[in-house]
Amino acid sequence: MSSLAITPRRARPISLTALIDVVFILLMFFMLTSSFTQWLTMPLASQSASSEPAETEELPQLLVLHQDGAVTLAQDKPTRFTALEQALEQVNHSNSLVVLPEADIQVQRIVEVMTTLSALDLPAVTLGQTLPGDETDAAAASSHSDLPPE
Amino acid sequence: MLQNTTLLPARKARNSDDNMIPLINIVFLLLIFFMVAGQIKAMPNADLILPKALLNEEDAHSEMRLEVAQQGTLTLDGTPCTPEELATRLQALSDHAAISVGIFADQRATAASLEQAMAVLRQYSFQSVRLYAEAPEGNS
């Protein structure tokens, strides 16, 4: 009987070389494909915004961004300011605003201005059509009837 | 008595793999860090530098990705296209209202370049059109 007793099988040591191979490959994959940058978004247009009827008949304010850093705020009449901060003091907080950048304004500047304006808690801040540099003042001065679509 | 070697457990022969255990520990820690902390997402063109701004909204899923390079060239879902080709491709889509578009514009691109894309996008009633920016360093 004792000769039939099953002797416990000795555990064979597992080689770690295969494990470390796989782990290294996984590490390389995650190191090369992972991204730590955080993306944020800013709505430029949305279906709900365009389909909802305007609550008021009041025409939006226009803010023209000039290449030299100056801005023109067009409410009843256009007023040119040398810096954005001066224009912000004159912004009507109960009315929406359309940003009209000059053609050569960089995207970074547009995003900065729209971020600043979004902090003012206006009903809506939208990006309008880009105007050629020599026509922005004329466009701002013109009537709101030819307002670019939001 | 203790010096009697027959009573002490036989010392295991050192395996050469034993030297790798600290290495494996560190590699495992690195692996877990990258798996947990990193995000795997399709990156835009490497030449494209997103504008830096602390915007309110988190990254939302966009079905279509439109890239505006510094020179103003447009790339829709990885395929370069002209504004005319962009209009043609957007026209071929069936349900615009269910599609959200993400614009990845280079921070040095001009408003005129962005307007090229926006002029086409305004013709369709997309669910949303979003401009992507990168959180400034230290705020992410």
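Computed from a predicted structure; not experimentally measured. Along each chain, residues carry numbers from 1 onward, in the same order as the chain's sequence is written. Labels are handed out in written order, letters beginning with A for the chains and numbers beginning with 1 for the ligands. In view of the model being predicted, local features appear only for residues whose pLDDT reaches at least 70, and side-chain atom pairs are presented and counted only at 80 or more, with totals across whole chains, interfaces and linings using the full set of residues. The side-chain values count all of the structure's non-hydrogen atoms but skip hydrogen atoms and water molecules.

Structural notes on the overall build of chain A
Reasoning step 1: Here a helix means four or more residues in a row that DSSP labels H or I, a strand means two or more in a row labelled E, and each is numbered from the N terminus. Along the backbone of chain A there are five helices and seven strands.
Reasoning step 2: Sequence-ordered secondary structure for chain A, helices as α and strands as β, is α-β-β-α-β-β-β-α-β-α-β-α.
Reasoning step 3: Exposure categories follow from relative accessible area, calculated using a 1.4 Å probe and restricted to protein chains: below 20% of the type maximum is buried, above 50% is exposed, and the middle band is partly exposed. Evaluated residue by residue, chain A yields a buried proportion of 37% over its 150 residues.
Reasoning step 4: A separation of at least 24 residues holds for 65% of the contacts in chain A among residues at least 6 apart in sequence.
Reasoning step 5: Here chain A displays about 9100 Å² of accessible surface, and carbon together with sulfur accounts for 57% of that area. By definition in these notes, contact holds between two residues if any of their heavy atoms fall within 4.5 Å. In short, Shrake-Rupley with a 1.4 Å probe defines the accessible areas, and a residue's cover is counted only from the protein chains shown.

Some words on the interface of chain B and chain A
Reasoning step 1: Contacts between the two partners involve 61 residues from chain B and, on the opposite side, 47 residues from chain A.
Reasoning step 2: Here the quantity called buried area is the total loss of accessible area, with a 1.4 Å probe, experienced by two parts when brought into contact, counted for both. Summed over both sides, the interface of chain B with chain A buries roughly 4700 Å², with 66% coming from carbon and sulfur.
Reasoning step 3: Of all residues in chain B, the largest losses of buried area upon contact with chain A belong to Phe34, Arg122 and Leu131 of chain B, amounting jointly to 13% of the total for that side.
Reasoning step 4: Salt bridge, as used here: a side-chain nitrogen of Lys or Arg that lies within 4 Å of a carboxyl oxygen of Asp or Glu. On the surface where chain B and chain A come into contact, there are zero salt bridges.
Reasoning step 5: Pairing of N or O atoms within 3.5 Å defines a polar contact, subject to two protein rules: one partner must be a possible hydrogen donor and the other a possible acceptor, and residues neighboring in sequence count only if both atoms are side-chain atoms. Linking chain B to chain A there are 17 residue pairs in polar contact (both at pLDDT 80 or more).
Reasoning step 6: Counting residues per element, the ones that place at least two in the side of chain B that touches chain A are α1 (21-37), β1 (39-40), β2 (57-58), β6 (100-105), α3 (111-121) and β7 (128-134) of chain B.
Reasoning step 7: Here the residues of the side of chain B that touches chain A sort into 37 nonpolar, 11 polar and 13 charged.
Reasoning step 8: Strand pairing is assigned whenever DSSP identifies at least 2 bridges connecting the two strands. Sheet topology places strand β1 (residues 34-35) of chain A next to β1 of chain B; two bridges connect them, and they run antiparallel. Each bridged residue has a counterpart across the sheet, and for serine 34 of chain A the counterpart in β1 of chain B is isoleucine 40 of chain B. When residues are sorted by character, Ala, Val, Leu, Ile, Met, Phe, Trp, Tyr, Cys and Pro go into the nonpolar class, Asp, Glu, Lys and Arg into the charged class, and all the rest, Gly among them, into the polar class.

Overview of the nonpolar core
Reasoning step 1: Within this scheme, the nonpolar core is defined by two criteria: the residues are buried Ala, Val, Leu, Ile, Met, Phe, Trp, Tyr or Cys, and they are joined through side-chain atoms within 4.5 Å. In terms of nonpolar packing, the biggest core is built from 52 residues, with Leu63 of chain A together with Ile103, Leu121 and Leu131 of chain B touching the most fellow members.
Reasoning step 2: Within the second largest apolar cluster, eight residues are counted, among which are Ile20 and Leu27 of chain A together with Val27 and Leu31 of chain B.

A look at the pairing of strand β3 (residues 61-65) of chain A
Residues and elements named next belong to chain A.
Reasoning step 1: Of all the five residues making up β3, five are buried; the element is thus mostly covered by neighbouring parts of the structure.
Reasoning step 2: Every second residue of β3 is oriented toward a common face, with Gln61, Leu63 and Leu65 on one face and Leu62 and Val64 on the other, all of them buried.
Reasoning step 3: Pairing of β3 with strand β4 (residues 71-74) involves four bridges; the strand directions are antiparallel. Pairing of leucine 62 across the sheet is with alanine 74, part of β4.
Reasoning step 4: Here β3 folds back onto β4, and the loop between the two strands holds five residues, one of which, glycine 69, carries a positive phi near 95 degrees.

Points about the sheet that holds β3 of chain A
All names here are of chain A.
Reasoning step 1: Overall, mixed pairing links the five strands, which are arranged β5-β4-β3-β6-β7 in an open sheet. Single-partner strands in this sheet number two, and they are β5 (78-81) and β7 (125-127). Shown here is a sheet whose adjacent strand axes are inclined to one another by a mean of 20 degrees, direction ignored.
Reasoning step 2: By the bridge criterion, four bridges tie β4 to β5 in an arrangement that is antiparallel. For leucine 73, the partnering residue across the bridge sits in β5 and is threonine 79.
Reasoning step 3: The sheet strands contacting helix α4 (residues 107-118) are β3, β4, β6 (97-101) and β7, and the helix crosses β7 at an angle near 165 degrees. The angle between two axes is taken between their N-to-C directions and runs from 0 to 180 degrees, where each axis is a line fitted to C-alpha atoms and a helix contributes only its stretch in contact.

Quick word on the pattern of salt bridges
Reasoning step 1: If you walk through the whole model with that rule in mind, you get four salt bridges over all chains.
Reasoning step 2: As a salt-bridge pair, arginine 80 of chain A and aspartate 68 of chain A come within 3.1 Å of each other at their nearest N and O atoms. Of this pair, arginine 80 of chain A sits in strand β5 while aspartate 68 of chain A sits in the loop between β3 and β4, placing them 12 residues apart in sequence.
Reasoning step 3: Here glutamate 134 of chain B makes a salt bridge to lysine 52 of chain B, at a shortest N to O gap of 3.5 Å. Taken together, the residues glutamate 134 of chain B in strand β7 and lysine 52 of chain B in the loop between β1 and β2 connect sequence positions 82 residues apart.
Reasoning step 4: Classification of lysine 52 of chain B as partly exposed rests on a relative accessible area of 30%.

Considering the environment of asparagine 25 of chain B
Reasoning step 1: By secondary structure assignment, the location of asparagine 25 of chain B is in helix α1.
Reasoning step 2: As a C-alpha pair, asparagine 25 of chain B and proline 80 of chain B span 55 residues in sequence and 45 Å in three-dimensional space.

Here's the deal with α4 of chain A
Reasoning step 1: The span one expects for a helix is its residue count, reduced by one, times 1.5 Å. Taking 1.5 Å per residue, 12 residues should reach 16 Å; α4 of chain A reaches 16 Å between its end C-alpha atoms and fits that length.
Reasoning step 2: Of the residues making up α4 of chain A, those classed as buried are Val107, Gln108, Ile110, Val111, Val113, Met114, Thr115 and Leu117 of chain A.

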